Amino acid sequence: MEEILEKLFEAIEFGKADKNSPYPPNLKGLDGSKEHTLSALEAGVTPQRILEEALIPAMGKVGKKFSENKIFVPQMLMAAKAMSASMLQLKPFFASGELKTKGTFVIGTVKGDLHDIGKNLVSMIIEGGGWTIIDLGVDVSSERFIDAIKKNPGAIVGLSALLTTTMNSMGEIVANIKSELPETKILIGGAPVNMDFCVSIGADHYAPDPQRAVEYLNKMAG
Ligand code: B1M
C-alpha cells in the first residue's frame, strides 16, 4: 500500500480526524484523516482506491478489534469520527456517481426508543464499508421506514432497539414492512434482541455488532 494510504489507514484506526484534533494524544499536531484524504486526492489517488484500500479495511480492523474487546466504545466512536471526516471529502464523488456504492441501507432506532449511540456506530461503519446510508434517526415509525424504502427501492433496512419495551415496536415495524413490501430484507440489532427474537418476528438477520452487520450486508450485495 502507498505510504499516503497507510497514513490514512492509521489515522482512521486510531481515531485522528484532523490536524486540530487533540485525540489521540500521541498524534497531536499531526495530520488526521481529513488532511490525508485531501493529500491522497491531490496526489491523484482515486476515491475508489481511498475507500477500498484505506477506509474500508481500517474500519474493518476497528470493528474486529471491538468485537474482540481489544478496544471499546470511545475508541470506536473516535475512529468513526475520523472515518466521517474522510468520507466528507469523498462525498462529492459519491454525489457525482464517480464512486459506486454497494447499495443503500436505511437505518433507524424504532418507535418509542431514543437511544442512538449504537445505531450511529452501525451506520458509520456500514458507510465506511461502502454503502449509502439513509439514517432516519430515533423514534422511527413503520410509516417512515416504508416511505424511505419506497423512495429507495431495493434498500436493505436496519432496525435498532435498546429497550425491552421497544422490542414490541420492532416486531410491529417488521410486520408492517413485510406486509407492504415483502421483498425487503430487514436486519435487526441492539442489546436486548437476539437471533431467536429475529426469527420470531420474521426479520431476516440479527447482528450483535457493526462488524457482523457489515458482513451480512456485504454478503447480500454478493
Ligand atoms: Co437508556 N437504558 N434509557 N439511556 N441506556 C439502557 C438501554 C438500560 C439497559 C439501562 C439500564 O437500566 N441498565 C435500560 C433498558 C432496560 C431494558 O429495557 N432492558 C435503559 C432505560 C430503562 C432507559 C430509560 C427508560 C430511562 C428512563 O428514562 N427511566 C430511557 C428511555 C428513553 C427512550 O428511549 N424512550 C433511557 C434514556 C437514556 C439516555 C437518553 C439517557 C441515554 C441515551 C443517549 C443516546 O443514545 N443518545 C441512555 C443510555 C446512554 C443508556 C445506556 C447507559 C448505554 C446505551 C449505549 O449507548 N450503549 C444503556 C445501558 C447499557 O447499555 N449499558 C441504557 C453503547 C452502544 C454502543 O451499545 O446501543 O447496545 P448498543 O449498540 C451496540 C449493539 O447493540 C449493536 O451495535 C452496537 C455496537 O456494538 N447494535 C446493532 C445496536 N443497534 C444495532 C443495529 C444493527 C446491528 C447492531 O443492525 C440494524
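Basis of the calculations
Think of each chain on its own: its residues are numbered from 1, step by step along the sequence as written. At least 70 in pLDDT is required for a residue's local features to be given in this predicted model, at least 80 for side-chain atom pairs to be given and counted, and no such filter applies to totals for whole chains, interfaces and linings, which use all residues. Calculated side-chain values reflect all of the structure's heavy atoms, with hydrogen atoms and water omitted. Labels follow the DSSP assignment, with helices taken as runs of H or I lasting at least four residues and strands as runs of E lasting at least two, numbered in each case from the N terminus. Only protein chains enter the accessibility calculation, which uses a 1.4 Å probe; a residue is then buried when its area is under 20% of its type maximum, exposed when over 50%, and partly exposed in between. What makes two residues a contact is simply this: any of their non-hydrogen atoms within 4.5 Å. Working definition of accessibility: Shrake-Rupley area with a 1.4 Å probe, residue cover restricted to the visible protein chains. Counted charges follow a simple rule, with Lys and Arg positive, Asp and Glu negative, and His plus the chain ends left uncounted. A charged residue contributes its charge at one atom only: NZ of Lys, CZ of Arg, CG of Asp or CD of Glu. Here a polar contact is taken to be a pair of N or O atoms separated by no more than 3.5 Å, where protein atoms must pair a possible hydrogen donor with a possible acceptor and residues adjacent in sequence count only if both atoms sit in side chains. Residues are labelled near a given molecule or strand when at least one of their non-hydrogen atoms is within 4 Å of it. Polar here means any residue outside two lists: the nonpolar Ala, Val, Leu, Ile, Met, Phe, Trp, Tyr, Cys and Pro, and the charged Asp, Glu, Lys and Arg; Gly therefore counts as polar. Metal donors: N, O and S atoms at distances within 2.8 Å, or within 3.2 Å for Na, K and Ca, with water omitted from the atom set so that some sites may seem incomplete. Note on terminology: a nonpolar core comprises buried Ala, Val, Leu, Ile, Met, Phe, Trp, Tyr and Cys residues joined through side-chain atoms within 4.5 Å. Strand pairing follows a simple DSSP-based rule, namely that at least 2 bridges must link the two strands. Lines fitted to the C-alpha atoms define the axes, with helices restricted to the stretch that makes contact. Angles between their N-to-C directions range from 0 to 180 degrees.

Engineer: I tried to follow the overall build of the chain on my own but got confused; where do I start?
Structural biologist: A tally of helices and strands in the chain yields nine helices and five strands. Counting across all 222 residues of the chain, residues that qualify as buried make up 49%. Put simply, 68% of the contacts in the chain that link residues at least 6 apart link residues at least 24 apart. Of the roughly 10500 Å² that the chain leaves accessible, carbon and sulfur atoms contribute 55%. Where the 23 positive side-chain charges of the chain centre and where its 27 negative ones centre are 2 Å apart.

Engineer: Would you explain the side chain of Lys178 in this entry?
Structural biologist: The residue Lys178 is located in helix H7 (residues 164-180) in this model. Of the polar contacts made by the side chain of Lys178, one reaches the backbone oxygen of Thr184; its length is 2.7 Å. For Lys178, the side chain forms a polar contact with the side chain of Asp204, separated by 2.7 Å. Beyond its immediate chain neighbours, meaning those up to four positions away, Lys178 contacts Thr184, Lys185, Ile186, Gly202 and Asp204.

Engineer: What exactly am I supposed to notice about the site of the ligand here?
Structural biologist: Taken together, the neighbourhood of the ligand is formed by 26 residues, with Leu114, His115, Asp116, Ser160 and Thr164 sitting nearest. Contact distances for the ligand include 2.7 Å between an oxygen atom and a backbone N or O atom of Asp116. Interatomic distance of 3.2 Å between a backbone N/O atom of Ala191 and an oxygen atom of the ligand. Elements supplying a minimum of two residues to the shell around the ligand: helix H5 (117-128), strand E3 (156-160) and strand E4 (186-189). Looking at the shell around the ligand residue by residue, the classes come out as 15 nonpolar, eight polar and three charged.

Engineer: How should I be thinking about unusual backbone geometry in this particular structure?
Structural biologist: For residues that are not glycine, phi is negative in most cases, and the peptide bond is trans in most cases. Across the junction of Tyr23 and Pro24, the peptide omega takes the value -10°, indicating a cis bond. Phi at Asn69 takes a positive value of approximately 60°, unusual for a residue other than glycine. Positionally, Asn69 belongs in the loop between helix H3 (47-67) and helix H4 (73-96). You can call Asn69 exposed: its relative accessible area is 57%.

Engineer: Where do I start with the side chain of Ser142 in this structure?
Structural biologist: Locating Ser142 in the fold gives a position in helix H6 (residues 142-151). Overall, the relative accessible area of 8% leaves Ser142 in the buried class. A polar atom in the side chain of Ser142 sits 2.8 Å from the side chain of Asn176. Once residues lying within four places of it in the same chain are set aside, the contact partners of Ser142 are Glu172, Ile173 and Asn176.

Engineer: I would appreciate a short explanation of the coordination of the cobalt atom of the ligand in the present structure.
Structural biologist: Coordination of the cobalt atom of the ligand by the protein involves just one donor, His115 (NE2), at a distance of 2.2 Å. Mapped onto the secondary structure, His115 falls in the loop between strand E1 (104-109) and H5.

Engineer: Would you mind going over the nonpolar core with me for this structure?
Structural biologist: Leu8, Ile12, Ile50, Leu55, Met59, Met76 and Met83 are the most contacted members of the largest nonpolar core, which has 28 residues in total. Elements supplying a minimum of two residues to this core: helix H1 (3-13), H3, H4 and H5. Residues contacting Ile50, with those up to four places away along its chain left out, are Leu5, Leu8, Thr37, Ala40, Leu41, Val45, Leu55 and Leu90. With 25 residues, the next largest nonpolar core counts Ala155, Ile177, Ile186 and Ile188 among its residues.

Engineer: I would appreciate a short explanation of the sheet that holds strand E2 (residues 132-135) in the present structure.
Structural biologist: To summarise the sheet geometry, strands pair through backbone hydrogen bonds and adopt either a parallel or an antiparallel arrangement. Here we have five strands laid out as an open sheet, ordered E2-E1-E3-E4-E5, and parallel in their pairing. For this open sheet the edge positions go to E2 and strand E5 (205-206), each flanked by a neighbour on one side alone. In this structure, E1 lies alongside E3, joined through five bridges in parallel fashion. Each bridged residue has a counterpart across the sheet, and for Thr109 the counterpart in E3 is Ser160. Packed on one face of the sheet, helix H9 (residues 210-221) meets E1, E3, E4 and E5 and runs near 170° to E4.

Purely spatial values, then, with no claim about function.
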